Amino acid sequence: MRVLVVEDEASLAEVIDAGLRRDAITAETVRDGRAALAKLRLGGYDVLVLDQDLPGLHGDEVCRQVVGGQLLTRVLMLTSPGTVHHRPDARGPGLGADDYLAKPFTHEELLARVLALGRRPRPVPAPVIAHAGVTVDTARGLAVRDGRPLALSHTELGVLEVLLRARGEVVSGDELIEEVWEEHTSYRTNAVRVTLGTLRAKLGDPPLIETVPGAGYRMTGGPDGGNGTDG
């Protein structure tokens, strides 16, 4: 089971992360909502442990985007003491969390909620993704741009799918490797650059994949495809 913890209070985040790892749960921690959404758009998380009172992008808005964007994870919302929350099976109005846990809580309480959510079936991702004239049918392994079939390798198709699901957010090279490549890929950084180069060539003009220096890659959102650069 993979769990993403979003908690801006460093000491609490460390306690939650360490406790989950002791129980053989793969846990990652981020401190703000925007970083959480970027990771969730790559997929692969069974449960999101989400602090409601986040600075910047509030936990309520993160939850709405998770549910509205079909980011395919169960949500456990951590609330302030005395907060009135909704039945776990009802998905609260305008929010969509699967369960709520008021602070303070014990590790045993948190673990029980996480395990219960992890046992629920995860939503199934939409088989077809479309953006700026590019359509990927993940079930059939097919991709087209403006009606033109794209002869993509398995790796190129995987990279394109990850970038499309990120919805314009930056995806780092390491994240692409984790999602697409085998664990023991040699020359991994070079593999990403080479694959992005061939994928861009096959997609054609106007360019749709932009390199963000020092950060990674993203699909451009404008109708003209933006200004892609070689990576």
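The present account deals with the structure reproduced in this document. Bear in mind the structure is a predicted one, so any value in this text is a computation, not a measurement. Numbering of residues starts from 1 in each chain and follows the order in which that chain's sequence is written. In keeping with the predicted nature of the model, local features appear solely for residues at pLDDT of at least 70, side-chain atom pairs appear and are counted solely at 80 or more, and the whole-chain, interface and lining totals rest on all residues. Only hydrogens and water are set aside when side-chain values are computed; all heavy atoms of the structure are taken into account.

Attention now goes to the nonpolar core. Here, nonpolar core refers to any group of buried Ala, Val, Leu, Ile, Met, Phe, Trp, Tyr and Cys residues whose side-chain atoms link them within 4.5 Å. When accessible area is computed with a 1.4 Å probe and restricted to protein chains, residues below 20% of their type maximum are described as buried, those above 50% as exposed, and intermediate ones as partly exposed. Within the largest apolar cluster, 28 residues are counted, with the highest numbers of intra-cluster contacts made by Val159, Leu160, Leu163, Leu176, Trp181, Leu196 and Ile209. Elements that contribute at least two residues to this core include exactly strand E7 (134-137), helix H5 (154-165), helix H6 (173-180), helix H7 (188-203) and strand E11 (216-219). Secondary structure elements are taken from DSSP: a helix is a run of H or I of four residues or more, a strand is a run of E of two residues or more, and numbering for both begins at the N terminus. With 6 residues, H5 is the largest single contributor of residues to this core. Apart from the residues within four sequence positions on either side, Trp181 is in contact with Thr155, Val159, Leu176, Ala191, Val192 and Thr195. Formed by 19 residues, the second largest nonpolar core is a distinct cluster that contains Ala36, Tyr45, Leu50 and Val62. Throughout, a residue-residue contact means that at least one pair of heavy atoms, one from each residue, lies within 4.5 Å.

The next subject is the packing of aromatic side chains. Put simply, two rings from Phe, Tyr or Trp (the six-membered ring, in Trp's case) pair if the centres are within 6.5 Å, and we call them stacked under 30 degrees between planes, edge-to-face over 60, tilted for the rest. Evaluation of the coordinates by the stated rule reveals 0 aromatic pairs. A ring has a charge above it when a Lys NZ or an Arg CZ is no more than 6 Å from the ring centre and no more than 35 degrees off the ring normal. Directly above the aromatic system of Tyr45 lies the positively charged group of Arg2, at a separation of 4.3 Å from the ring centroid.

With respect to the helices and strands, the residue Arg2 is situated in strand E1 (residues 2-6). Among residues more than four places away in sequence, those in contact with Arg2 are Thr26, Glu28, Gly43, Gly44, Tyr45, Asp46, Val47, Glu178 and Glu179.

What counts as an axis is a line fitted to C-alpha atoms, over the stretch in contact for a helix, and the angles between N-to-C directions run from 0 to 180 degrees. Helix H3 (residues 59-68) packs onto helix H2 (residues 33-40) with a crossing angle of 15° between their chain directions and a minimal axis gap of 10 Å. The orientation of H2 with respect to H3, classified from their angle, is roughly parallel. Two packed elements cross with a definite hand, and for H2 against H3 that hand is right-handed. From H2, Gly33, Leu37 and Leu40 reach across to H3, where they touch Val62, Gln65 and Val66. When residues are sorted by character, Ala, Val, Leu, Ile, Met, Phe, Trp, Tyr, Cys and Pro go into the nonpolar class, Asp, Glu, Lys and Arg into the charged class, and all the rest, Gly among them, into the polar class. Counted by class, the contact of H2 with H3 contains 4 nonpolar, 2 polar and no charged residues. For classification purposes, angles smaller than 35 degrees are called roughly parallel, those larger than 145 roughly antiparallel, those between 65 and 115 roughly perpendicular, and all remaining angles oblique. Take the far helix as your reference; a near helix turned counterclockwise from it by less than a right angle gives a left-handed crossing, and one turned clockwise gives a right-handed crossing.

A word on the packing of H5 against H6. One way to put it is that H5 packs onto H6 with a least axis distance of 10 Å and a crossing angle of 120°. The angle between H5 and H6 places the two elements in the oblique class. Considering only the axes of H5 and H6, their crossing is right-handed. Between H5 and H6, the contacting residues are Thr155, Gly158, Val159 and Val162 on the first element and Leu176, Glu179 and Val180 on the second.

Another point: the sheet that holds strand E2 (residues 26-30). Two modes of strand pairing occur in sheets, parallel and antiparallel, and in both the strands are linked by backbone hydrogen bonds. In this scheme, strands are said to pair when DSSP sees at least two bridges between them. Here 5 strands make up an open sheet; going across it, the order is E2-E1-E3-E4-E5 and the pairing parallel. Across the chains shown, the open sheet's two edge strands, defined by having one partner strand only, are E2 and strand E5 (99-102). Strand-to-strand, the axes of this sheet are offset by a mean angle of 20°, without reference to chain direction. Relative to strand E3 (residues 47-51), E1 runs parallel, the two being bridged by 4 bridges. If you follow Leu4 over to E3, its bridge partner there is Leu48. Across the sheet, helix H1 (residues 10-22) is in contact with E1, E2 and strand E4 (74-79); its angle to E2 comes to roughly 170°.

Everything listed here is a matter of coordinates, which is why it stays silent on function.
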